[in-house]
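Commentary on secondary and tertiary structure
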Amino acid sequence: MNEDAMSMIDCQEALSTARGDHRDPPEVSAHLSACQVCRGSVSEIRTVAAAARAALAMAPSPDARFAFERARAKSEMSPWLLRYAFATAATAAAIAVLVLTKPSPSADPAVAAKPKPSFVLEFPPPEGDRFHYVVHGPAGSRNDVVVPQRHYVLETAPPNAVVVVDTF
Amino acid sequence: MTSLAMAIHDTVLVAQVSAGDELAFENLVLRYEKRLLRYLHGLVRDEEKARELVQDTFMKLYKNAHRYEPKASFATWLFRIGHNVAVSYLRKKKVALIFGFGNYDAEADQPSGDVASAAADPLELAEGGEIGAMIQRELAHLPDKLREAFVLFDVEEMSIKEVAEITGSPEGTVKARIFRARRALRQRLEPYVARGEMPGGTADAEPEVGE
C-alpha cells in the first residue's frame, strides 16, 4: 500500500471522482488499492451506472436526414420571422415618431396657428387707399384682388401653390 | 478512431455544417444523437420530451455552428447546448406548475417503464424492463442537478472538467454533486446490487485500478 498516496485524498474525494479504471489519477488508484470500502462502493457505482446507461438508452431517430430537414426548416423560419419583426418594429417606430412629433394645438399656439401665405406692399398704394393685387396661381391661373389693407392674406391659394404677386 | 482523430473530425464537420453541408450535419447527428438522447432522457425523465429537446439542440447546432471555437471539445459544446435547452424547458415546466397553467401532464413526469434501445435483445429487454424502471424511479428521486452530474460523469463518462463546463458549475461543486448522487443511488439500490439483480455487472466485480 502506498501510504503517501493514500494520505493525499480521503474517501469522499475518492468517491467523488473514482471510476475504478485506468482513467483514475494515481492518488485515486492508490486510495482504492488501500481502501476496501471505497473499492466496494466504486464497484457498486459502476454496476448502477451500467444499469442506468441501459435504462436511459433510447433508439435514435430512424433517419438523420429528417433531423437536418427539421433544423433547416426551423432555421429558415427564423430569418423570416426576423424580417417580419423588423418590418413591424419599423412601422411601429414610424407611427410613434409621427405621433410624438405632431404638435399639440394647445401645446404651442404659435405653431398651431400656422400663418397662411401673405404679401405685404412696401410702397404707398397707387389707387388711393386701395390695394390692387394680381395673384398668379399654379398652372397659369390669375386672380385680381382689390383690398383696403396693405397686408393681404391669401385665403384661396392651394397649400403648395407657387404664387407670384403683381402689385399696382 | 482515436479521440484526437474524432475531435479533429468533429471540428471539420462543424465547419462544414456552418457552410450548409447536409451530409456533415447528418454525420454529427448520427454520432451524437444517441448520447444526447440518453443524457436528456436522464435529465427530463420523459422520452418524447427528450426527443424534442434533442431536435432543438441539433437545430441550435445548425444555426450556431459558425460560433463553435475548437478550444473546447465539440462534445462538450454540444452537451452544453443540450443542457441549456433542457434547463430552459425544466424552468418553464416549473413555472407552469407553480402557476397552474399550460398542458403539463403530471403522469408524464413519472418514470416510464419503456426502457432500452430498439436494438436490445428482446429477452434482455423483458428481463431488464423492471430493473430499468426501478433505476429510472431512483434517478427521479434525485434533485435535477445531482441527477445531471451522475448522468454526465458516470453514464456518459465525461470528465469532471467537461461536466463543469457543460453545467456551468465549478469543479468542486460538480464533485460534491457526484458524491451525493452516487451515495443516494447506492443506498437505494444496494439490495438489488447485492443480489446481483443489476444488469451490467455485480457487486463482486473488482474495479480496474489505474496504472
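The residue count restarts for each chain, going from 1 along the sequence in the order it is written. Chains carry letters from A onward and ligands carry numbers from 1 onward, assigned in written order. Whole-chain, interface and lining totals are the exception, using all residues; otherwise, since this is a predicted model, local features are given only for residues with pLDDT of at least 70 and side-chain atom pairs are given and counted only at 80 or more. Side-chain descriptors were evaluated using all non-hydrogen atoms of the structure, hydrogens and water having been removed beforehand.

1. A few points about the overall build of chain A
Comment: elements are numbered from the N terminus, with helices defined as DSSP H or I runs of at least four residues and strands as E runs of at least two. Of the regular secondary structure elements, chain A holds six helices and five strands. Helices and strands in chain A line up, N terminus first, as α-α-α-α-α-α-β-β-β-β-β. Summary of the burial criterion: residues with accessible area below 20% of their type's maximum are buried, those above 50% are exposed, and those between are partly exposed, where the area comes from a 1.4 Å probe applied to protein chains only. Out of the 168 residues belonging to chain A, those deemed buried represent 30%. Within chain A, contacts between residues at least 6 apart in sequence are counted, and of these 44% link residues at least 24 apart. Of the roughly 10400 Å² of accessible surface on chain A, 62% is carried by carbon and sulfur atoms. By definition, residues are in contact when any of their heavy atoms lie within 4.5 Å. With residues, only the protein chains shown are counted as cover, and all accessible areas are computed by Shrake-Rupley using a 1.4 Å probe.

2. Concerning empty space enclosed by the protein
The rolling of a water-molecule-sized probe over the atoms marks out the regions of remaining empty space. The pocket and cavity definitions rest on a 1 Å grid over protein atoms only: a 1.4 Å probe that fits but cannot leave marks a cavity, an open set with protein on both sides within 12 Å along at least five of seven lines marks a pocket, and residues lining either have an atom within 4 Å of a point. Grid points are joined across faces, edges and corners, and a volume is the space filled by probe spheres set on the points. The full count for this structure, using the stated rule, is one cavity of 30 Å³ or more. Within this model, the largest cavity holds a volume of roughly 30 Å³. Together, Leu15(A), Ile45(A), Phe179(B), Arg182(B), Arg183(B) and Arg186(B) line the largest cavity. Element by element, the count of residues in the lining of the largest cavity is highest for helix H8 (residues 171-194) of chain B, at four residues. Here the term charged refers only to Asp, Glu, Lys and Arg, the term nonpolar to Ala, Val, Leu, Ile, Met, Phe, Trp, Tyr, Cys and Pro, and the term polar to all other amino acids, Gly among them. Per-class residue counts for the lining of the largest cavity are three nonpolar, no polar and three charged.

3. Things to note about the environment of Gln55(B)
With respect to the helices and strands, the residue Gln55(B) is situated in helix H3 (residues 47-64). For the pair formed by Gln55(B) and Gly82(B), sequence separation is 27 residues and the distance between their alpha carbons is 9.6 Å.

4. Observations regarding the confidence of the model for chain B
Residues and elements named next belong to chain B. pLDDT gives the predictor's per-residue confidence on a scale running from 0 to 100. Looking at chain B, pLDDT values average 78 and 73% of them are 70 or higher. Note on residues 102-127: pLDDT is under 50 here. Beyond four places in sequence and across chains, it has 34 contacts. Here the predicted complex carries an ipTM of 0.73, next to a pTM of 0.62.

5. Structural notes on the confidence of the model for chain A
Low pLDDT means the predicted coordinates in that region are not meant to be read closely. Residue and element names in this part refer to chain A. Mean pLDDT over chain A stands at 70; residues scoring 70 or higher make up 40%. Across chain A, element-level confidence peaks in helix H3 (residues 26-34) with a mean pLDDT of 91 and bottoms out in strand S1 (residues 118-120) with 51. Confidence drops under pLDDT 50 across residues 120-124; counting only partners more than four residues distant or on other chains, this segment forms eight contacts.

6. Structural notes on the pattern of salt bridges
A carboxyl oxygen of Asp or Glu within 4 Å of a side-chain nitrogen of Lys or Arg is what we treat as a salt bridge. Enumeration according to the criterion identifies 15 salt bridges over all chains in this entry. In this structure, Lys175(B) engages Glu13(A) in a salt bridge whose closest nitrogen and oxygen atoms are separated by 3.3 Å. Residue Lys175(B) is found in helix H8, and its partner Glu13(A) is found in helix H2 (residues 11-17); the two belong to separate chains. In this structure Lys175(B) comes out as partly exposed when scored by relative accessible area, which is 25%.

7. Comments concerning unusual backbone geometry
All names here are of chain B. For Arg45, which is not glycine, the phi dihedral falls at a positive 60 degrees. With respect to the helices and strands, the residue Arg45 is situated in the loop between helix H2 (22-44) and H3. One non-glycine residue with positive phi stands out, namely Glu157, at about 55 degrees. Among the structural elements, Glu157 can be located in the loop between helix H6 (144-155) and helix H7 (160-167). Assessed through its relative accessible area of 40%, Glu157 is described here as partly exposed.

8. A closer look at the packing of H3(A) against helix H4 (residues 36-56) of chain A
Residues and elements named next belong to chain A. Axes here mean lines fitted to C-alpha atoms, for a helix over just the part in contact, with angles spanning 0 to 180 degrees between N-to-C directions. Axis separation between H3 and H4 bottoms out at 5 Å; the angle between their running directions is 110 degrees. When the axis of H3 is compared with that of H4, the two are roughly perpendicular. Residues His31, Leu32, Ser33 and Ala34 of H3 lie in contact with H4, whose contacting residues are Gln36, Cys38, Arg39 and Val42. An angle counts as roughly parallel when it lies under 35 degrees, as roughly antiparallel when it exceeds 145, as roughly perpendicular when it falls between 65 and 115, and as oblique in every other case.

9. Regarding the nonpolar core
Residues and elements named next belong to chain B. Take the buried residues of types Ala, Val, Leu, Ile, Met, Phe, Trp, Tyr and Cys, join any two whose side-chain atoms come within 4.5 Å, and each joined set is a nonpolar core. Membership of the largest hydrophobic core comes to 62 residues, with the highest contact counts inside it found for Tyr39, Leu40, Phe58, Phe74 and Phe150. It is H2 that provides the largest number of residues to this core, a total of 11 residues. For Phe74, the contacting residues outside a window of four places in its chain are Asp10, Val14, Leu28, Tyr32, Leu61 and Tyr68.

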